[in-house]
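Given next are the chains, with one letter for each unit.
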Amino acid sequence: MQQTARRQQPANVRLWYGMLAGPVLWSSHLLLCYLLVNTACGGGTASMRILLGVITGVVEAPIALAGWLAYVEGHRYAGVESARVRFMAQFGVLASIMFFIATLFTASPIFFLNACPS
């Protein structure tokens, strides 16, 4: 009886991860980009662009994973718990999409603009 009740309850960790991973990773990425660009103005900018591109890709993967996990959890437990699970899953998917795009927008000036004025 207790195992069937556990199966019907959604994984709260996945739902919270879906809601919070995007904003936390985006803000960490933004802070790291500002820190690295400011410290790299003394050195070469080509290697910094490559490094920030790699960092952006590494940050984008968990944001996409968070959206996918929220989507799966929302569909898996659609009929079990009504409002809370649906809200957390939908918010997690939408927040992940929004912060995925925001992270791309944060990184895009690095590749098009010169960060270090001469």
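Here we summarise the structure given alongside this text. (Residues numbered from 1 in each chain as written. Predicted model: local features only at pLDDT ≥ 70, side-chain atom pairs only at ≥ 80, totals over all residues. Heavy atoms only, no water.)

**Quick word on the overall build of the chain**
Phase 1 of the analysis: On a plain count of helices and strands, the chain comes out with four helices and zero strands.
Phase 2 of the analysis: Element order for the chain, N to C, with α for helix and β for strand: α-α-α-α.
Phase 3 of the analysis: Out of the 118 residues belonging to the chain, those deemed buried represent 31%.
Phase 4 of the analysis: Taking as baseline every contact in the chain between residues at least 6 positions apart, the subset at least 24 positions apart corresponds to 84%. (Helix = DSSP H or I, 4+ residues; strand = E, 2+ residues; numbered from the N terminus. Buried < 20%, exposed > 50% of the residue type's maximum accessible area, 1.4 Å probe, protein only. Contact = heavy atoms within 4.5 Å.)

**Points about the layout of surface pockets**
Phase 1 of the analysis: Of the pockets and cavities examined, the largest pocket occupies roughly 190 Å³.
Phase 2 of the analysis: In terms of lining, the largest pocket is formed by 10 residues, of which the most central are Tyr34, Val37, Thr106, Pro109 and Ile110.
Phase 3 of the analysis: When residues of the lining of the largest pocket are traced back to their parent elements, those giving at least two are helix H2 (12–40) and helix H4 (83–112).
Phase 4 of the analysis: No other element matches H2, which puts five residues into the lining of the largest pocket.
Phase 5 of the analysis: For the lining of the largest pocket, the per-class residue count stands at eight nonpolar, two polar and no charged. (1 Å grid on protein atoms, 1.4 Å probe; cavity = no way out; pocket = protein on both sides within 12 Å on 5 of 7 lines; lining within 4 Å. Points joined across faces, edges and corners; volume = space filled by probe spheres on them. Nonpolar A, V, L, I, M, F, W, Y, C, P; charged D, E, K, R; others polar.)

**Notes on the packing of aromatic side chains**
Phase 1 of the analysis: Inspection of every chain in the model, using the stated rule, returns two aromatic pairs.
Phase 2 of the analysis: With a centroid separation of 5.7 Å and 45° between ring planes, the pair formed by Trp26 and Phe99 is classed as tilted. Here Trp26 is found in helix H2, whereas its partner Phe99 is found in helix H4, with 73 residues between them in sequence.
Phase 3 of the analysis: Taking relative accessible area as the criterion, Trp26 reaches 26% and is therefore assigned partly exposed.
Phase 4 of the analysis: Judged by its relative accessible area of 15%, Phe99 is buried. (Phe/Tyr/Trp six-rings, centres within 6.5 Å; stacked < 30°, edge-to-face > 60°.)

**Some points on the packing of H2 against H4**
Phase 1 of the analysis: Direction vectors running N to C along H2 and H4 enclose 15°, while the axes themselves pass 8 Å from each other. As judged from the angle between their axes, H2 and H4 are roughly parallel. Crossing geometry of H2 relative to H4 is assigned as left-handed. (Axes fitted to C-alpha atoms, helices over the stretch in contact; angles between N-to-C directions. Parallel < 35°, antiparallel > 145°, perpendicular 65-115°, else oblique. Left-handed = near helix turned anticlockwise from the far one by under 90°.)

**So, the side chain of Thr106**
Phase 1 of the analysis: You can see Thr106 is positioned in helix H4.
Phase 2 of the analysis: A distance of 2.8 Å separates a polar atom in the side chain of Thr106 from the backbone oxygen of Ala102.
Phase 3 of the analysis: Excluding residues that lie within four positions of it along the chain, Thr106 makes contacts with Trp26, His29 and Leu30. (Polar contact = N/O pair within 3.5 Å; in protein donor to acceptor, adjacent residues only side chain to side chain.)

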